[in-house]
Amino acid sequence: MSTRVLWKTTSWLLGLAGYAAALFLLSPALRSEGRGGDQPADIGKRPSSYDQISPVLLGQESFEKMRSKDKADKDAILARQRKLLEQRYDLSLRVSDSVKMSRGKPIPVGPATRLPEGMSWEKLAELSPDEVRERGLFPRGFLPLPHPNHPAGGMLFPQAEVKLLPRLERFDLDFDLPEHFLPEFPSAIYLTTRPDLGDVSQGKVVTVENYSEIFGGILNSKDLEGVRLLVTQFPQQQFNATADRKTEKPDGMKGVACFDCHVNGHTSAATHLVGDIRPQSHRRRIDTPSLRGVNVQRLFGSQRALKSIEDFTEFEQRAAYFDGDILSSAAKGINPLERGSQVHFMAEFESLLDFPPAPLGLDGKLDKRKFAADSEEMKGQALFFGKAQCANCHPAPYYTDNTMHDLQVERFYKPQTVNGMFATKQGPMKTTTLRGIKESPPYLHDGRLLTLEDTVEFFNLVLETKLTGEEKKLMVAFLRQL
């Protein structure tokens, strides 16, 4: 028997054994909890590490019955999330007349976060964290943001993307944030190896149907194979061929591709729940990060701190695709990538994705020949590297320190349950790069900050830097240039 045949046979047997283990491990008591039955208020129910094993997957409920219930519940779930968003934010369309993303979409203007009644940003910043916490004055939009249906979770794609790629539609849920708070779609593609070409996307979403046409003659054959794998569908928790799925599209049953979330190597702001936390109520919403500039980054995953882009690429399909549940993944058709070729090819192309052009000098700071010393941008830069303390974590030239920090935001609010999510301590988070930041709304790991203005207000409060209203405007002017 050849090594390759032996490897495939072993993988199949391990998968079958994993599924059998799922059936054995799930006692009736655990199975009765169902998916997501782990809220703090569920007295008498023991949280399960196997809560992603659906009754449908175990044959205890039919696909048709589950689908009918999901569709019947959809409007109420979406209305609940919409009410939460409207309580937290001003969702009206406000965009810049002059500042645009690479392909022309105007950036959103804020702050969109609503303040407590009778409070101003200046008055709020004068209070201590204890005062804000005890008086319940922390803006709701600064609290962790729940998934549109937190007890269910799963990958969820913006409506503009679903319109172009109907296979990504879920019958139980729609995306929640308005389109003007999201990255442009499709996004531009810049390559570290061919900066002379500028945007190579041709204004298209890269798919398995057109990747060769877009990148032929630009990439070598190994990198082309990496792109092919990044745009190929593989089974996922909500998009698969079993009865436990949230798609009724035949194409959707084939799975999802890496570039469905990381569209064109950037992001569409597709959302998900982090896979390595239990119980379900404690899992955190994840806003898809951009892959631009991963060649200069050394940590991957908001809290996992994976040490290489290869680790991240392999982890995504082995764990994140299936909510960190190796038991259901065995039944749904997990695709273990081969490290030496497939993972390597995918990671090599990912490492070619560049930041958009910016008016920066060799040191990564604003080019002095393009900005007057007394310009808003230069004044904002001085604040960024000074009073605002941003550069402590986001130093030039790449505006990340490649480490993790705990902002201890829980100083400002009491633990609470919001639409099925338990908002409590968040722990250390990866420092994301700020290069090209104007093209990556919404902000923070869960997308709770809708605009750059919201982001500046959030950090002014959390870091207690006490910037003036004018200084915050200057900060935004600088961030827009990165």
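Residues numbered from 1 in each chain as written. Predicted model: local features only at pLDDT ≥ 70, side-chain atom pairs only at ≥ 80, totals over all residues. Heavy atoms only, no water.

Student: Kindly report on the environment of Ile326, identifying the contributing residues and their values.
Tutor: For Ile326, the location among the structural elements is in helix 11 (residues 326-332). Sequence-wise, Ile326 and Glu213 are 113 residues apart; in three dimensions their C-alpha atoms are separated by 36 Å. (Helix = DSSP H or I, 4+ residues; strand = E, 2+ residues; numbered from the N terminus.)

Student: Tell me about unusual backbone geometry, and please be specific about residues and values.
Tutor: Residue Pro279 is bonded to the preceding Arg278 through a cis peptide linkage, with omega at 0°. Along the polypeptide, Pro279 turns up in the loop between strand 3 (271-273) and strand 4 (285-287). A cis geometry characterises the amide bond from Ala396 onward to Pro397, with omega recorded as 5°. Of note, Asn402 is a non-glycine position whose phi angle comes to about 55°, a positive value. Given a relative accessible area of 25%, Asn402 falls into the partly exposed group. The phi dihedral of Asn419 is positive, around 45°, even though this residue is not glycine. (Buried < 20%, exposed > 50% of the residue type's maximum accessible area, 1.4 Å probe, protein only.)

Student: I'd like a rundown of the packing of aromatic side chains, residues and numbers included.
Tutor: Between two aromatic rings, the relevant description is the distance of the centres plus the angle of the planes. Applying the stated criterion across every chain, the model contains 17 aromatic pairs. Plain terms: the ring middles of Phe63 and Phe171 are 5.9 Å apart, the flat faces sit at 80° to each other, and that makes the pair edge-to-face. Of this pair, Phe63 sits in helix 3 (residues 63-88) while Phe171 sits in the loop between helix 6 (159-164) and helix 7 (211-215), and the two are 108 residues apart along the sequence. The residues Phe63 and Phe171 share a single accessibility class, namely buried. (Phe/Tyr/Trp six-rings, centres within 6.5 Å; stacked < 30°, edge-to-face > 60°.)

Student: Help me get a handle on the pairing of strand 1 (residues 95-100), residues and values and all.
Tutor: Bridge count between strand 1 and strand 2 (residues 106-108): two bridges; the pairing is antiparallel. Looking across to strand 2, one finds that Lys100 is bridged to Pro106. Counting the residues in the hairpin turn of strand 1 and strand 2 gives five residues, including Gly104, whose phi is positive at 105°. (Pairing = 2+ DSSP bridges.)

Student: Tell me about helix 10 (residues 309-318), residues and numbers included.
Tutor: Counting buried positions along helix 10 yields seven of 10 residues, so the element is predominantly enclosed. Regarding helix 10, the residues found buried are Ile309, Phe312, Thr313, Glu314, Phe315, Glu316 and Gln317. Looking at the buried side of helix 10, the elements it contacts are helix 9 (258-261) and helix 12 (339-350). (Contact = heavy atoms within 4.5 Å.)

Student: Before we move on, can you summarise the packing of helix 14 (residues 452-462) against helix 15 (residues 469-479) with the specific residues and values?
Tutor: What describes two packed helices is the angle between their axes and the distance between those same axes. Between helix 14 and helix 15, whose axes approach to 10 Å, the crossing angle comes to 125°. Comparing the axis directions of helix 14 and helix 15 gives the class oblique. The two elements helix 14 and helix 15 meet at a crossing, and its hand is right-handed. Contacts between helix 14 and helix 15 involve Leu452, Glu453, Val456, Glu457 and Asn460 from the first element and Lys472, Met475, Val476 and Leu479 from the second. (Axes fitted to C-alpha atoms, helices over the stretch in contact; angles between N-to-C directions. Parallel < 35°, antiparallel > 145°, perpendicular 65-115°, else oblique. Left-handed = near helix turned anticlockwise from the far one by under 90°.)

Student: Let's hear about the pattern of salt bridges: which residues, and what values?
Tutor: This model, assessed by the stated rule, comprises 35 salt bridges. Arg228 is the salt-bridge partner of Glu225, the closest N and O atoms lying 2.7 Å from each other. Of the two residues, Glu225 and Arg228 both sit in helix 8 (residues 221-230), three residues apart, roughly one turn of that helix. Here the salt bridges do not stand alone but share partners, grouping Asp311, Glu314, Arg318 and Arg339 into one network. (Salt bridge = Lys/Arg side-chain N within 4 Å of Asp/Glu carboxyl O.)

Student: Report on the nonpolar core, specifying residues and quantitative values.
Tutor: Ranked by internal contacts, the top residues of the largest apolar core, which has 43 residues, are Phe157, Val206, Phe215, Leu219 and Phe349. Look past the residues within four positions of Phe349 in its chain and what remains in contact with it is Leu191, Phe215, Leu219, Asp223, Val227, Leu230 and Phe259. Among the nonpolar cores identified, the runner-up in size contains 42 residues, and Leu124, Ala391, Leu452 and Val462 belong to it. (Core = buried A, V, L, I, M, F, W, Y, C linked by side-chain atoms within 4.5 Å.)

Student: Residue-level account of the packing of helix 13 (residues 376-384) against helix 15, with values.
Tutor: Taken N-terminus to C-terminus, the directions of helix 13 and helix 15 make an angle of 100°; their axes are 7 Å apart at the nearest point. The orientation of helix 13 with respect to helix 15, classified from their angle, is roughly perpendicular. Touching Glu376, Glu377, Lys379, Gly380, Gln381, Leu383 and Phe384 of helix 13 are Glu471, Leu474, Met475, Ala477, Phe478 and Leu479, all from helix 15.

Student: Let's hear about the environment of Gly104: which residues, and what values?
Tutor: With respect to the helices, strands and loops of the structure, Gly104 is situated in the loop between strand 1 and strand 2. A residue is classified by how much of its surface remains accessible, and Gly104, at 34% relative accessible area, is partly exposed. With 83 residues separating them along the chain, Gly104 and Ser187 place their C-alpha atoms 9.9 Å apart.

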